[in-house]
Amino acid sequence: MSFLGSSLSGSMLALGKSTLQQTLSRLLSTAASGKFQKMSPLQDNLPEDQCILVDEHDTVTGAECKSKVHTVNADGQLLLHRAFSVFLFNSKGDLLLQKRASCKVTYPDYYTNTCCSHPLATISNECIEKDALGIRHAAQRRLQIELGIPPEQAKPEEFKYLTRIHYKDSGDGKFGEHEIDYILFLQKDVTYNLNPDEVSEVKYVKREDFKNFLSDVKEPITPWFALIAKNQLPTWWDNLHQLEKFYDHGKIYRYT
């Protein structure tokens, strides 16, 4: 895989700085008028929310804002980009699941794994390719943003990176997902303080109750979580003590 920094031009970064200044000015002006409203997390991104575009081999091809990579075009296609899914277990082996907030643009009120998001092209330590270190940094950041898990409780070196999956889902026909998704496991007892703009509730599920949870839950399940739960999660979960044997960066599992 190529190094992301070589794919981003100085002119794009300069444009991002200019756009950021304009966005902040608009926010200050709106707040001063007394008409401030909360922005959608996808429809009005700050310019640093630049997802990493990749080809089917996970080689970096550029960057694009979060709203555009999640928008289904006229041909039903979406831009392929890099993502990650965190599966966090407590010391007893129970898996922490989250229900996405109602205000989320993609898959609102869906149940999913502990945390699912993207490394950003404009955060340098999230662009490190070696040992998926950039992905681990992004996971630490998003666990804090979404679940309020302190960074010292989810250090990059503590995540176990297993493999990658490639999947596509058109969502509601307007917003969807098309991702190379890095799978990260973390087993640790943590504290959390939910961000209501991201997560409405969480619950720990025991291994022996997981099948019943999937069949009984009233809310829908995100497509990536459903694929992982069906194909690999049971085996990985049964081997939390020896996950190293499942490490495979040479293969990308295709579910498209």
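All of these numbers come straight from a predicted model, not from anything done at the bench. (Residues numbered from 1 in each chain as written. Predicted model: local features only at pLDDT ≥ 70, side-chain atom pairs only at ≥ 80, totals over all residues. Heavy atoms only, no water.)

Trainee: Account for unusual backbone geometry, with residues named and values stated.
Mentor: Its identity as a non-glycine residue notwithstanding, D58 has a phi of 70°, on the positive side. Here D58 lies in the loop between β1 (50–54) and β2 (60–65). Looking at D58, the relative accessible area reads 0%, which means it is buried. Its identity is not glycine, yet A132 carries a phi of approximately 55°, on the positive side. One can find A132 in the loop between β6 (115–117) and α3 (133–147). (Helix = DSSP H or I, 4+ residues; strand = E, 2+ residues; numbered from the N terminus. Buried < 20%, exposed > 50% of the residue type's maximum accessible area, 1.4 Å probe, protein only.)

Trainee: Talk me through the confidence of the model for the chain; I want residue IDs and the actual numbers.
Mentor: When pLDDT is averaged across the chain, the result is 86; 81% of the residues are at 70 or more. In the model, residues 1–40 has pLDDT below 50 throughout and makes 43 contacts with residues more than four positions away in sequence or in other chains. Note that residues 43–47 has pLDDT below 50 and, in this model, twelve contacts with residues that lie over four places away or in other chains. (pLDDT = per-residue confidence, 0-100. Contact = heavy atoms within 4.5 Å.)

Trainee: Pulling in residues and values, what's your account of the nonpolar core?
Mentor: Judged by nonpolar contacts, the single largest core of 29 residues is most densely connected at F84, V86, L143 and F159. For this core, the secondary structure elements donating two or more residues are β1, β2, β3 (81–89), α3, β8 (177–187) and β9 (199–205). In terms of residues, this core owes the most to one element, α3, which gives five residues. If near-sequence neighbours (up to four positions away) are discounted, F159 is found in contact with V86, R136, A139, Q140, L143, A154, L184, F185 and L186. (Core = buried A, V, L, I, M, F, W, Y, C linked by side-chain atoms within 4.5 Å.)

Trainee: Explain the packing of aromatic side chains to me, and be specific about the residues and the numbers.
Mentor: For the coordinates displayed, the defined rule picks out 13 aromatic pairs. A centroid spacing of 5.3 Å and a plane angle of 80° characterise the contact between Y107 and Y110, whose relative ring orientation is edge-to-face. On the basis of relative accessible area, Y110 is assigned to the partly exposed category, the value being 24%. For the pair Y167 and W224, a centre-to-centre distance of 6.1 Å together with 40° between the ring planes defines the contact as tilted. Placement of Y167 in strand β7 (residues 160–169) and of W224 in helix α5 (residues 223–231) is noted, with a sequence separation of 57 residues between them. Relative accessible area serves as the criterion here: at 0%, Y167 is assigned to the buried category. Every member of this aromatic cluster is reached through a ring pair, and the members are F87, F89, F185, F210, F225, W236 and W237. (Phe/Tyr/Trp six-rings, centres within 6.5 Å; stacked < 30°, edge-to-face > 60°.)

Trainee: Any chance you could break down α3 for me, citing the residues and the numbers?
Mentor: Since the α-helix advances by 3.6 residues per turn, residues separated by three or four positions end up pointing in the same direction. Taking 1.5 Å of rise per residue, the 15 residues of α3 would be expected to cover 21 Å, and the 21 Å separating its terminal C-alpha atoms lies within 8% of that figure. Most of α3 is tucked away: twelve of the 15 residues are buried. Taken together, the buried positions of α3 are G134, I135, R136, H137, A138, A139, Q140, R141, R142, L143, E146 and L147. Lining the buried residues of α3 we find β3, β4 (95–100), β6, β7, β8 and β9. G148 sits one or two positions beyond α3 and adopts a positive phi of about 70°. (Expected span 1.5 Å × (residues − 1).)

Trainee: Explain the pairing of β7 to me, using residue names and the numbers behind them.
Mentor: With seven of ten residues buried, β7 lies mostly within the body of the structure. Direction of pairing for β7 relative to β8: antiparallel, over a ladder of eight bridges. In the sheet register, D169 faces β8, and the bridge partner there is E177. As paired strands, β7 and strand β10 (residues 252–255) are joined by four bridges and run parallel to one another. Across the sheet, residue Y167 finds its bridge partner in β10, namely Y255. (Pairing = 2+ DSSP bridges.)

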